[in-house]
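A structural walkthrough
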Amino acid sequence: MKYYSTNNLAPKVSLKEAVLSGYAPDMGLYIPERLPVIPSAFIRNMAGMSLQEISYAVANTLFGADIPSEVLHDIVYSTVNFDIPLQHLHDNVFALELFHGPSLNFKDVGTRFMARLLSHLRGSDNRTINIITATSGGSGGAIANGYYDVPGVHVYVLFPHNKLSKTLESQFTTLGKNITPIEINGSYNDCQDLVRTAFADSSLTSKMRITSANSINIARLLPQTFYYFYAYAQLSARMQSVQEVSFAIPCGNLGNLVSAVISKKMGLPTKKIIAATGPNCSLSQFLSSGFFNSFEAGRSIMPAMDVATPNNLPRLLPLFNNSLADLNNCLSTQSITEAQSVESIRKVYHEYNYILDPHSATAYYALTSSIYKDEVGIITATAHPAKSKRVIDHILNTDIDTPAALTFDNTRKCHVIKLPAIYSHLRNLLLTDA
Ligand SMILES: *Cc1c(COP(=O)(O)O)cnc(C)c1O
């Protein structure tokens, strides 16, 4: 399979090149030149299949021509070695719990897949692969966990000063070894800009090999289709009559959303895809006009959604042959306030005895305010509520348990490097380190 750049100014490349470079040379994002369709007979038969079986089948249609099947089998089975259960909340509303991986965040799926794929694609090449990535909270832990101690890969995680909770920070600041956390004296947007500047700096990329581990990288994005198919399989096992399902997704950089769109294009019976965004996101402006302005995102109890200019926005129109009308037929969006997220957390806890994390709660709000009673809807529950323990305990007046994965040893040393939000400082650091 070949991958083309959304900017259409760079040649099509192989899977290996797309994964190793992250961005295309024209700074566009890669998209598969054709999305293979999963046969409907297979989809009808998924009800009794396991997460690994379904994931492997989907992976095989996407990557089968490029990765030997026994390697792909290993990658898939060691990536999704935790469950992704579908919880019934009430009526026809379900939550797909994507937070049972090591960092308790949905990004574990894409990150673990990409780390393993990268090791395979690197082969016997001795040059270090440097991953430079920005996090507003959610991805840092998943990335550090996924790449920790992976031979030949060094990770630089940029994060904004004073924006993340200590628990979230410690997931990637206390590891050391090949994980270098860099605290930027600026916002998450500044961190993203620094990363984009590094990728566009040919005097840097000619000296060191860099790639991205966030959802701009197709190796992070495409494996997220696995769980959409598995969600449908679990639904079919419970409700024989189900035809189409709607998904509501808490959005930041739109990686999870684009994976839902790709799943639909690969044949998953999907009715609506509902994007719940934070208050300052440019998505609704983009859907109505095809253009967007860059805002400065505020700071909310949904830190992973405090993204003003989502990284994956440039993928949306090309996936619909640049038809804004077709894009709008597939997607709707609703911007959700912090107060609406809090309202959903309270309602779902008091009425259905289930605790949503603040991100997943925005999807619940958007879903229940936009589907009809007879429609079936699934929210993607993207993080374990204990990752926002202080917020949840405050809202619900509870003392929820902290899973072992989130308890960290206070005596462990932090390895943080502090930098101003000025590119030359980052560049110097990378070049000295390399
Ligand atoms: C990253 C993240 C999101 C947003 O996902 P995108 O793919 O960036 O849109 C939502 N919720 C949580 C908990 C996250 O960590």
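As shown above, the structure is provided for reference.
Structural notes, computed from the coordinates. (Residues numbered from 1 in each chain as written. Predicted model: local features only at pLDDT ≥ 70, side-chain atom pairs only at ≥ 80, totals over all residues. Heavy atoms only, no water.)

**Notes on the environment of Ser-360**
We count it as follows: A run of H or I in DSSP counts as a helix once it spans at least four residues, and a run of E counts as a strand once it spans at least two, with each numbered from the N terminus. Here, two residues are considered to be in contact whenever any of their heavy atoms come within 4.5 Å of each other. Contacts described as polar in this section are N or O atom pairs within 3.5 Å, which, within protein, must combine one atom able to donate a hydrogen with one able to accept it, while residues neighboring in sequence count only if both atoms come from side chains.
Counting through the fold element by element, Ser-360 comes out in helix α17 (residues 358-368). Once the C-alpha coordinates of Ser-360 and Val-348 are considered, the two residues, twelve residues apart in sequence, prove to be 11 Å apart. Apart from the residues lying within four places of it in its own chain, the contact partners of Ser-360 are Pro-250, Ile-379, Thr-380, Ala-381, Thr-382 and Ala-383. Within the local environment of Ser-360, its side chain forms a polar contact with the side chain of Asp-357, the two groups lying 2.4 Å apart.

**Considering α17**
Quick note on the threshold: The buried label applies to any residue whose accessible area, calculated with a 1.4 Å probe on protein chains only, is under 20% of its type's maximum; exposed applies above 50%, and partly exposed to all values in between.
With ten of its eleven residues buried, α17 lies for the most part within the structure. Along α17, the positions that sit buried rather than exposed are Pro-358, His-359, Ser-360, Ala-361, Thr-362, Ala-363, Tyr-364, Tyr-365, Ala-366 and Leu-367.

**Focus on the site of the ligand**
For the record, the criterion: Nearness here has a simple test: a residue counts as near a molecule or strand if at least one of its heavy atoms is within 4 Å of that partner. Calculation of accessible area relied on Shrake-Rupley with a 1.4 Å probe; when residues are assessed, cover is drawn exclusively from the protein chains displayed.
Inspection of the region around the ligand gives 15 residues, with Asn-105, Lys-107, Gly-252, Asn-253 and Leu-254 positioned closest. The backbone of Gly-255 places a nitrogen or oxygen atom 3.0 Å from an oxygen atom of the ligand. Contact distances for the ligand include 2.8 Å between a nitrogen atom and a side-chain N or O atom of Thr-382. Protein chains bury 96% of the 380 Å² of accessible surface belonging to the ligand in isolation.

**A look at the packing of helix α16 (residues 338-352) against α17**
Keep this limit in mind: Simply put, an axis is a line fit to the C-alpha atoms, just over the touching stretch for a helix, and the angle between two N-to-C directions goes from 0 to 180 degrees. When an angle is under 35 degrees it counts as roughly parallel; over 145 it counts as roughly antiparallel; between 65 and 115 it counts as roughly perpendicular; any other value is oblique. Three classes are used, and their members are as follows: Ala, Val, Leu, Ile, Met, Phe, Trp, Tyr, Cys and Pro are nonpolar, Asp, Glu, Lys and Arg are charged, and the others, Gly among them, are polar.
Where α16 contacts α17, the axes come no closer than 8 Å and their chain directions differ by 85°. For the element pair α16 / α17, the angle class is roughly perpendicular. Taking contact as the criterion, the partners of Gln-340, Ser-341, Glu-343, Ser-344, Ile-345, Lys-347, Val-348 and Tyr-352 in α16 are, on α17, Pro-358, Ala-361, Thr-362, Tyr-364 and Tyr-365. Residues that form the contact of α16 with α17 fall into these classes: seven nonpolar, four polar and two charged.

**Regarding helix α8 (residues 188-200)**
The following threshold applies: To estimate the expected span of a helix, subtract one from its residue number and multiply by 1.5 Å.
End to end, α8 covers 19 Å across 13 residues, agreeing with the expected 18 Å (1.5 Å per residue, within 8%). Capping of α8 at its N-terminal end is provided by Ser-187; its side-chain oxygen lies 3.4 Å from the backbone amide nitrogen of Asn-189.

**Comments concerning the side chain of Arg-220**
Basically, it comes down to this: The sign given to each residue is positive for Lys and Arg and negative for Asp and Glu; His and the chain ends receive no count. The rule for a salt bridge is simple: a side-chain nitrogen of Lys or Arg has to be within 4 Å of a carboxyl oxygen of Asp or Glu.
Structurally, Arg-220 can be placed in helix α10 (residues 218-221). Asp-108 is the oppositely charged side chain nearest to the buried, salt-bridge-free Arg-220, at an N-O distance of 9.2 Å. In this structure the side chain of Arg-220 is engaged in a polar contact, spanning 3.2 Å, whose partner is the backbone oxygen of Ala-213. Not counting chain neighbours up to four residues away, the residues in contact with Arg-220 comprise Lys-107, Gly-110, Thr-111, Met-114, Ala-213, Asn-214 and Ser-215.

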